[in-house]
Amino acid sequence: MNLHAITIVLARPEESRNIGAVCRAMANNDITQLRIVGKKEDYDEERVRILAIHAAYIWENARFYSSITEATSDCAIVAGTTRRRGKKRMGKLLFPEEFAQKAADDTGSPEQPGGTVAIVFGNERTGLTDDELMECNVGVTIPSCDTFASLNLSHAVQIMCYHLFREQNKGHHGYTPITQERLHKTVVTIADKLQEIGFFSVTGRPDMEQFWTNLLSRASLSESESQYIEKIFTKAAGLAKKNTTQEK
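This is a predicted model, so every value here is computed, not measured.

Student: Just give me the short version of the overall build of the chain, but keep the residues and values in it.
Tutor: A count of helices and strands for the chain gives 10 helices and 7 strands. Against the compact-globule benchmark of 18 Å for 248 residues, the chain has a radius of gyration of 20 Å, which places it among compact chains. In terms of principal-axis extent, the alpha carbons of the chain reach across some 75 × 40 × 35 Å. Residues counted as buried form 47% of the 248 residues belonging to the chain. Taking all contacts inside the chain whose residues are at least 6 apart in sequence as the whole, residues at least 24 apart take part in 83%.

Student: How would you summarise the pattern of salt bridges if you had to cite specific residues and measurements?
Tutor: Under the criterion given, the structure shown has 13 salt bridges. In this structure, R125 engages E14 in a salt bridge whose closest nitrogen and oxygen atoms are separated by 2.7 Å. Of the two residues, R125 is situated in the loop between β6 (117–121) and α6 (130–134) and E14 in the loop between β1 (6–11) and α1 (16–28); the sequence distance between them amounts to 111 residues. We note a salt bridge from K193 to E196, for which the minimum N-O separation is 3.4 Å. A residue pair is termed a helical-turn pair when its members lie 3 or 4 positions apart in one helix, as K193 and E196 do in helix α8 (residues 180–196) at 3 residues. Through salt bridges with shared partners, one network takes in E45, R49 and E60.

Student: Please set out unusual backbone geometry residue by residue, giving values where relevant.
Tutor: One non-glycine residue, I53, lies in the positive phi region at around 50°. Tracing the chain through its elements places I53 in the loop between α2 (45–52) and α3 (56–60). The backbone phi angle of S220 is positive, close to 50°, even though this residue is not glycine. Assignment of secondary structure puts S220 in the loop between α9 (205–219) and α10 (223–247).

Student: Give me the side chain of D106: which residues, what numbers.
Tutor: Tracing the chain through its elements places D106 in helix α5 (residues 96–107). Only 2.6 Å separates the side chain of D106 from the side chain of S220, close enough to count as a polar contact.

Student: If you had to explain the sheet that holds strand β3 (residues 63–65) to someone new, which residues and values would you point to?
Tutor: The strand order across the open sheet formed by 7 strands is β3-β2-β1-β6-β4-β7-β5, and the pairing between neighbours is parallel. Sheet topology places β3 and β5 (93–94) at the edges, where each strand pairs with a single neighbour. Relative to strand β2 (residues 33–37), β1 runs parallel, the two sharing 5 bridges. Across the sheet, L10 pairs through a bridge with I36, a residue of β2.

Student: Account for the packing of α5 against helix α7 (residues 153–166), naming residues and giving values.
Tutor: It is the contact of α5 with α7, at a shortest axis distance of 8 Å, that shows an interaxial angle of 50°. Taken together, α5 and α7 sit at an angle that is classed as oblique. Of the two elements, α5 crosses α7, and the hand of that crossing is right-handed. Judged by residue contacts, P96, E97, F99, A100 and A103 of α5 engage I159, M160, H163 and L164 from α7. Residue composition of the contact of α5 with α7, by class: 7 nonpolar, 1 polar and 1 charged.

Student: Help me get a handle on the side chain of R35, residues and values and all.
Tutor: As for its position among the elements, R35 is in strand β2. When residues no more than four places from it in sequence are discounted, the contact partners of R35 are T7, I8, V9, L10, R63, Y65, A71, T72, D74 and C75.

Student: So what about the packing of α1 against α2? Which residues, and what values?
Tutor: Interaxial distance between α1 and α2 falls to 7 Å at its minimum, and their mutual angle equals 35°. Every pair of crossing elements has a handedness; the one defined by α1 and α2 is right-handed. Side by side, α1 and α2 meet where S16, R17, I19, G20, A21, C23 and R24 of the first sit next to R47, V48, L51 and A52 of the second. Partitioning the contact of α1 with α2 into residue classes produces 6 nonpolar, 2 polar and 3 charged.

Student: Tell me what's going on with α9, and back it up with residues and numbers.
Tutor: Its 15 residues give α9 an end-to-end C-alpha distance of 21 Å, which sits within 8% of 21 Å, the value for a rise of 1.5 Å per residue. Residues of α9 that are buried include every one of R205, M208, E209, W212, N214, L216 and S217, and no others. Directly after α9, the chain includes S220, whose backbone phi takes a positive value near 50°.

Rules behind the numbers
- Residues numbered from 1 in each chain as written.
- Predicted model: local features only at pLDDT ≥ 70, side-chain atom pairs only at ≥ 80, totals over all residues.
- Heavy atoms only, no water.
- Helix = DSSP H or I, 4+ residues; strand = E, 2+ residues; numbered from the N terminus.
- Rg over C-alpha atoms; globule rule 2.2 N^0.38 Å.
- Buried < 20%, exposed > 50% of the residue type's maximum accessible area, 1.4 Å probe, protein only.
- Contact = heavy atoms within 4.5 Å.
- Salt bridge = Lys/Arg side-chain N within 4 Å of Asp/Glu carboxyl O.
- Polar contact = N/O pair within 3.5 Å; in protein donor to acceptor, adjacent residues only side chain to side chain.
- Pairing = 2+ DSSP bridges.
- Axes fitted to C-alpha atoms, helices over the stretch in contact; angles between N-to-C directions.
- Parallel < 35°, antiparallel > 145°, perpendicular 65-115°, else oblique.
- Left-handed = near helix turned anticlockwise from the far one by under 90°.
- Nonpolar A, V, L, I, M, F, W, Y, C, P; charged D, E, K, R; others polar.
- Expected span 1.5 Å × (residues − 1).

What follows is the structure, encoded as structure tokens:
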């Protein structure tokens, strides 16, 4: 596990004190990279520092973005946390310990770094919306009592960071997983070639791209694997076109 490759993303947090508590939870587990979807000027820095205490340096180095997609464009895995299940809320939700094992593989080690892994937490009141969760490619859920299932934001961050911290000495990949930006190029190639051979109509392309993005993100592809997949679909489309021409 390379904890320096773990990034905590807070999407539209409302309460400045919660951000401070999140900083402290992260520091407890040696995780220091914080990104926030929102504007820095919208938060009360004094309130952040009151609860951050000696972890205020995490707030000072936090980076701010306009969307989850922008905040995670350099990440190999983007995990959205949610307690609700549904058609648009990921087909499978991992438990924290399951996700920690995957993150350990994907981030590598300090000596042999892998890719960056982001864990996204939603607004304190509403959590991640369906649209925001669609910007992620892995779903994680923290089990809790049905009669009082909602967790405080900093508590949820603490639980996730703790499991990652516990996994820090348990193996790593021998390669760097590709980023979301690079993965998007592979997905576009797949969709282009499938569309060329008439596999789906134009209106079906967004769902097809979302399917391949989710599937391949979980696979943590290397650059060579990504290139190989692109070659397969390019060659398949070429053969299909050649066969169609011969038939005519």
